[in-house]
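Each chain, letter by letter, is given below.
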Amino acid sequence: MSSTGNGGGGERRAGSAGSAAARARLRRAARPAAPQSSAARRRGTVEAPDTARPDTVRPDQPAPTLAVAEPGTRGGLRGRPARPFPGGPADATGTPGTPAGGSLLDMLKVAIAILDTAGRVVLWSPAAEELLGWPNELLVGRRIEELIPDREQVARIRGAIQDTLRHGRWAGYAELRDRDGAPVAVDARISLLVDGDGTPFLQVNMAEAAAVQAVERDLAVRDALFEQSPLGIAIMDTGLRYTAVNRTLAEMNGVAPDDHVGRTTGETLPERAADEITAIQRQVLATGEPVIDVTLASPVTTRAGYRSISYSRMTDRSGRVLGISGTVMDVTERYRAVAKVEHARRRLSLLNEFGSRVGDLLDASRIAQELAGSVVPRLTDHSAVVLLQAVAHGDDLPRHGHDRRTSLLQLGTASVQDGPEVDVMLRRGARITFAEESVCGRVLRTGVPELLSGADQLDDVTYPGDPKMQAARDLGVHSMLVVPLRARGIVIGLLLVSRAGYREGFDRDDLAFTVELADRAGSSLDNARLYARERTAALTLQRTLLPQQVPQPTGVEVAYRYVPGSSGTEVGGDWFDVIPLPGDRTALVVGDVMGHGLRAAATMGRLRTAVRVLAALDLPPDVLLRHVHELADDLAQGPDEALLATCVYAVFDPATARLTVAKAGHIPPVLVVPGEDAAEPTRTGGPLPGGAGRILDLPSGAPLGVGGVPFESVELKIPEGSLLALCTDGLVESRDKDLDVGLGRLVTVLQGPHASIQAACEAVLDTMEQGREPDDVALLLARLGHGQAGTPTVGWTLPAEPTAVSRARRLVRATLVEWGVEELTDTAELLVSELVTNAIRYASAPIGVRLTLGETLLVEISDPLPDPPRERHAAEADEGGRGLELVHRLALRWGARAEGIGKVVWFEQALPGSEPDGS
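Conventions used here
Along each chain, residues carry numbers from 1 onward, in the same order as the chain's sequence is written. Totals for whole chains, interfaces and linings use every residue, but because this is a predicted model, local features are given only for residues with pLDDT of at least 70 and side-chain atom pairs only at 80 or more, for both listing and counting. Neither water nor hydrogens contribute to the side-chain values; these are computed over all heavy atoms in the structure. Working definition: helices are DSSP H or I runs of at least four residues, strands are E runs of at least two. Numbering for both runs from the N terminus. Burial classes follow relative accessibility: with a 1.4 Å probe on protein chains only, a residue under 20% of its type's maximum area counts as buried, one over 50% as exposed, and anything between as partly exposed. Here a residue-residue contact requires only that any non-hydrogen atoms of the pair lie within 4.5 Å. Only the protein chains shown count as cover for residues, and the accessible areas themselves come from Shrake-Rupley with a 1.4 Å probe. Should a side-chain nitrogen of Lys or Arg be within 4 Å of a carboxyl oxygen of Asp or Glu, the pair is scored as a salt bridge. Polar contact is the term for a pair of N or O atoms within 3.5 Å; when the atoms are in protein, one must be able to donate a hydrogen and the other to accept it, and sequence-neighboring residues count only if both atoms are side-chain atoms. DSSP calls a pair of strands paired once it identifies at least 2 bridges connecting them. The axes used here are C-alpha line fits, helices contributing only the stretch in contact, and every angle between their N-to-C directions lies in the interval 0 to 180 degrees. Nonpolar cores are built from buried Ala, Val, Leu, Ile, Met, Phe, Trp, Tyr and Cys residues. Side-chain atoms within 4.5 Å join them into one set. Just so you know how the angles are binned, under 35 degrees is roughly parallel, over 145 roughly antiparallel, 65 to 115 roughly perpendicular, and the rest oblique. By definition, any crossing whose near helix is turned counterclockwise from its far helix by less than a right angle is left-handed, and any crossing with a clockwise turn is right-handed. Each residue gets one label: Ala, Val, Leu, Ile, Met, Phe, Trp, Tyr, Cys and Pro are nonpolar, Asp, Glu, Lys and Arg are charged, and the others, such as Gly, are polar. Points on a 1 Å grid, built from protein atoms alone, make a cavity when a 1.4 Å probe fits but cannot get out and make a pocket when they are open with protein on both sides within 12 Å along at least 5 of 7 lines; residues with an atom within 4 Å of a point are the lining residues. Grid points are joined across faces, edges and corners, and a volume is the space filled by probe spheres set on the points. To pair, rings of Phe, Tyr and Trp, with the six-membered ring standing in for Trp, must have centres within 6.5 Å; the planes then decide the type, stacked if under 30 degrees apart, edge-to-face if over 60, and tilted in the middle. Criterion for a charge above a ring: Arg CZ or Lys NZ at most 6 Å from the ring centre, at most 35 degrees from the ring normal.

Draft legend 1. How the structure looks around the overall build of the protein. When you go through the protein residue by residue, the secondary structure sums to 26 helices and 31 strands. Expressed as a percentage of the 919 residues in the protein, the buried residues total 44%. For the protein, the proportion of contacts with a sequence separation of at least 24, taken over those separated by at least 6, is 63%. In the structure as shown, the protein presents an accessible area of about 46100 Å², 52% of it carried by carbon and sulfur atoms.

So this is what it looks like as structure tokens:
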């Protein structure tokens, strides 16, 4: 093809012929091969193309008309249907649209057209047919301008052709008309081609502008995300080799982007770090399941931290696996923030756990051990709690500063391991000594904690050459905290924690947390010290108020036990007493003041004193309880608190084998009577044969301080060798059982034989239930006999007549001579005559006289009048009123007691050769 000029017609015809031949060659080269039949494919041959198809427009033929093909026609005119546009759903004839899958070229179709220099269409590709709807047969030989009705666009296309002819290429946007007359914006590229004959042609590449812009936009987004993203991005093929990485990931890995391409993760990162990442990549490639936000330690040693990695498998639109893509994010700050929060949560959990473990403890040794154990191994490898001896024993805190003479005890220890070195360093109960300028000395004096780093500082902890510190070095201890335990501003001990081996040393955060833990422990330890001091004081007071020596009266063998409670101040108002009474009688008392602590113990002491004072008046049990009740306001713990106490009071007379009992709201006594086949019971020290036990049925009476219910006494005849048990409710009560169950258990134990009365006490205590109320226990056992064997006793009943005085004198004289104590006759006769005279003067019923020779001579005068005698001082001119004064001066002891409806006035005389006890 030659340029347009002024040549002749022959030349023009020759040029036209040459152009036609060239166009034919281009069409044959660009025409797609006809589809082969299935038979041809099986034979491996290629069928000949359809030569009847018109592919050229000869010059001697008229130009074809740009007609619109009827929808649905076949053969003849080809092209796209009028509607819908290419790429949409199938048309009414069933012609399918463009497949959704495939490569990028399937989405972005490029139409190709070949033009001659005059702008006539030489070749029109099927993609161009699909883009604009014009079939090849209608366009070949026509000017491209015929598709552009807009004159401005025509001028632009002409200019583009001229620019291409001058410069060899042109690019820009154009607007064409499709077969339906609708405008189609295209992005066009025009290139100058020259065939083998030197004829120039124009190759036009066209694509729908909207699709091109969408692809360009997607590529721009991809470039922005890939290159400007703060996340590290990697693209890997199916061999897990990098095909692309962005600069962020390259900087993270410390390897240039180009050095990533073609290499695997194992070839790029350190081996240990790459193994875990490679395993994740293989899993994602094989399963297609994405891995999201997996946190790993940074594989680059020069940039320590943590990374979050995510991988997913890549596939094309046809489902073919292309490789995997991954994102890497530096989450060091986030990880450390989360780790810090988790670290704080664990520390808070440790504080709460320690508080719950020691919240109800009131023993300094146990608290120290709990403190040492709570920090191992979560905070430290070895721990020791060292306390002042005053804290451990409940003494007052020292008011002066600490020095090397301060007594310290190591009461809490814990370690992650065992061994001889641990035994040396952490021996529980060891006494700790230190130099005044040592770390322990400084912390004790100043209260300022210290952090030691390095094994060389261990020599300064206590004193040079300390075996405990040598053992610490042998254990590999390299970091230690020495923290004060404080209470109300006073250092009461030390908490020493240490780390060994490869464990990271302590830092300032560890020190601050340990100080917080030590402060909480210091408060608990001080509470335990105060509790121990109060408990010691209460126990001391109670033991002082309880009987210091329990007598063993005539005819009674006594055994007792007192067990403090197991909670609160561990002391209460339980008490017991054994009170000798005149006539070898004995009062047995057990009581319980409600409450615990010092006030209950003090009230118990006042109540016991009142009972002893009233017992000295030899009052009947019910009368005595009534008098104690009347003193309730004076015996109460305070002006706003009423006395509330229970009591059982029993009086045993071995001469008559009578037991008189009354109780005030107390649990009833238990009586065990020996069986008829039992051997002769021994009175003291012998075994208990056992027997039939029963709970004494007594009037309940109201507790002391309550009132409203009268107190009543019950008198019982007691067989020889019977066992009487008095106790408080702490022995028989429990949380989940009735009182009758505990009393039944007590009866069962006492019914059995025992080696001694002391053994019976132990057997009773052994049966106490573990789940019982944590109350005091007072137990009093008494084996009741009939007096000492061979004790002389004689008695008479005399009428209330004046002659009774002389008769009483004669009977007393004769009896004392018979007993061989004639030395007592004169005094005894005088005192008997005075007392009998008083009885005759005021009584009209018979008078009783009884003599008993035991350790003393006991003389008893009874009459039916209840009023006790009153001693008075007679003047010199008085004829009477000196009887009781004589009794007071000459008798060893004297007194009066109620008995029945009357009274008994008694006195004692010391036997010859015996020393009076002065009581």
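Draft legend 2. Spotlight on the pattern of salt bridges. This structure, assessed with the given rule, holds 37 salt bridges. One salt bridge connects glutamate 267 with arginine 241, and the closest N-O pair in it is separated by 3.4 Å. With glutamate 267 in helix H10 (residues 265-268) and arginine 241 in the loop between strand E6 (232-236) and strand E7 (242-245), the pair connects residues that are 26 residues apart, well separated along the chain. You can call glutamate 267 partly exposed: its relative accessible area is 40%. Residue classification places arginine 241 among the partly exposed positions, given a relative accessible area of 34%. Where lysine 903 meets aspartate 863, a salt bridge forms, and the shortest distance between an N and an O atom there is 2.8 Å. Within this pair, whereas lysine 903 is found in strand E31 (residues 902-910), its partner aspartate 863 is found in strand E29 (residues 856-863), the two being separated by 40 residues in sequence. The exposure class assigned to lysine 903 is buried, which follows from its relative accessible area of 9%. The exposure class of aspartate 863 is buried, given its relative accessible area of 9%. A single network of salt bridges, built from pairs that share partners, joins Glu353, Arg357, Glu370 and Arg378.

Draft legend 3. The arrangement of the side chain of aspartate 187 in detail. Here aspartate 187 shows up in strand E4 (residues 183-194). Look at aspartate 187 and you get buried, because its relative accessible area is 7%. A distance of 2.5 Å separates the side chain of aspartate 187 from the side chain of arginine 189, its partner in a polar contact.

Draft legend 4. Representation of the sheet that holds E6 within the structure. Reading across from one edge, E7-E6-E10-E9-E8 is the order of the five strands in this open sheet, with antiparallel pairing throughout. Each of the sheet's edge strands pairs with one partner strand only, and the pair in question is E7 and strand E8 (291-297). Ignoring which end each strand starts from, the neighbouring axes of this sheet average 25 degrees apart. Pairing of E6 with strand E10 (residues 321-330), which is carried by five bridges, proceeds in the antiparallel orientation. Within E10, the residue paired with isoleucine 233 across the bridge is threonine 327.

Draft legend 5. Summary view of the environment of arginine 282. Looking at the secondary structure, you find arginine 282 in helix H11 (residues 271-287). Spatially, the C-alpha atom of arginine 282 lies 7.9 Å from that of leucine 240, the residues being 42 residues apart in sequence.

Draft legend 6. Spotlight on the environment of leucine 746. With respect to the helices and strands, the residue leucine 746 is situated in helix H22 (residues 739-751). The sequence separation of leucine 746 and alanine 763 amounts to 17 residues, and the corresponding C-alpha distance is 9.6 Å. If we skip the residues at most four places from it in the chain, leucine 746 touches Val670, Cys727, Leu731, Val732 and Val764.

Draft legend 7. Quick look at the nonpolar core. Counting 63 residues, the largest nonpolar core has Leu387 and Leu485 as its most contacted members. Top element by residues in this core is helix H18 (residues 508-545). It accounts for eight residues. Val590, Leu635, Leu671 and Leu704 belong to the second-largest nonpolar core, a separate cluster that totals 54 residues.

Draft legend 8. Structural detail: the sheet that holds strand E2 (residues 121-124). Taken in spatial order, the five strands make up an open sheet running E2-E1-E5-E4-E3, and their pairing is antiparallel. Two strands in the sheet have a free side with no partner beyond their single neighbour: E2 and strand E3 (169-177). Taken over all neighbouring pairs, the strand axes of this sheet differ in orientation by 30 degrees on average, direction set aside. Note that E4 and strand E5 (residues 200-208) share nine bridges and pair antiparallel. Each residue of the ladder has a partner; that of valine 194, found in E5, is proline 200. Strands in contact with helix H6 (residues 151-167) are E3, E4 and E5; relative to E3, the strand with the most contacts, it is inclined by about 160 degrees.

Draft legend 9. Summary view of helix H13 (residues 364-374). Where H13 is concerned, the buried positions are Ala364, Ile367, Ala368, Leu371, Ala372 and Ser374. The opening residue of H13, the one whose side-chain oxygen lies 3.2 Å from the backbone nitrogen of serine 365, is aspartate 363.

Draft legend 10. Main features of the pairing of strand E26 (residues 777-784). Within E26, eight of the eight residues are buried, leaving the element largely enclosed by the surrounding structure. Residue alternation in E26 divides its side chains into two sets, Val777, Leu779, Leu781 and Arg783 and Ala778, Leu780, Ala782 and Leu784, and both sets are buried. In this structure, strand E17 (residues 556-563) lies alongside E26, joined through eight bridges in antiparallel fashion. Within E26, the position partnered with tyrosine 562 by the bridge is alanine 778.

Draft legend 11. Highlighting the side chain of aspartate 729. Considering the arrangement of structural elements, one finds aspartate 729 in the loop between strand E25 (722-727) and H22. Setting aside residues up to four positions removed in sequence, aspartate 729 forms contacts with Asp592, Ile667 and Asp775.

Draft legend 12. Structural view of the packing of helix H19 (residues 598-616) against helix H20 (residues 621-630). Two elements in contact, H19 and H20, have axes whose closest approach is 10 Å; the angle formed by their N-to-C orientations is 135 degrees. Judged by the angle between their axes, H19 and H20 are oblique. H19 and H20 meet at a crossing whose hand is right-handed. Residues Leu607, Val611, Leu614 and Ala615 of H19 form the contact with H20, whose own contacting residues are Leu624, His627 and Val628. Its residues assigned to classes, the contact of H19 with H20 shows six nonpolar, one polar and no charged.

Draft legend 13. Just unusual backbone geometry, in detail. Backbone torsion omega between valine 376 and proline 377 reads 5 degrees, so that peptide bond is classified as cis. Positionally, proline 377 belongs in the loop between H13 and strand E11 (382-388). Here aspartate 618, not a glycine, exhibits a phi torsion of approximately 60 degrees, which is positive. Position of aspartate 618 relative to the elements: it lies in the loop between H19 and H20. Located in the positive-phi region is alanine 657, a residue other than glycine, with phi close to 55 degrees. Locating alanine 657 in the fold gives a position in the loop between strand E20 (645-653) and strand E21 (658-664).

Draft legend 14. Inspection of empty space enclosed by the protein at higher detail. Applying the stated rule across the entire model yields five cavities of 30 Å³ or more. Taken as a whole, the largest cavity encloses approximately 180 Å³ of empty space. Around the largest cavity sit 19 residues that line it, and Ala384, Gln410, Met425, Met469 and Leu496 are the ones nearest its centre. Where the lining of the largest cavity is concerned, the elements lending two or more residues are E11, strand E12 (408-415), helix H17 (467-474) and strand E16 (490-500). Of the residues contributing to the lining of the largest cavity, the split by class is 13 nonpolar, five polar and one charged. Size it by volume and the second largest cavity reaches roughly 150 Å³.

Draft legend 15. View of the packing of aromatic side chains. Tallying each qualifying case throughout the model produces two aromatic pairs. Between tyrosine 306 and tyrosine 335, the ring centres sit 3.7 Å apart and the planes meet at 25 degrees, which makes this aromatic pair stacked. A residue pair is termed long-range when its members are at least 10 positions apart, and tyrosine 306 in strand E9 (residues 306-315) and tyrosine 335 in helix H12 (residues 332-358) qualify at 29 residues. Across the ring face of phenylalanine 513, the terminal group of arginine 347 is positioned such that the distance to the ring centre comes to 4.6 Å.

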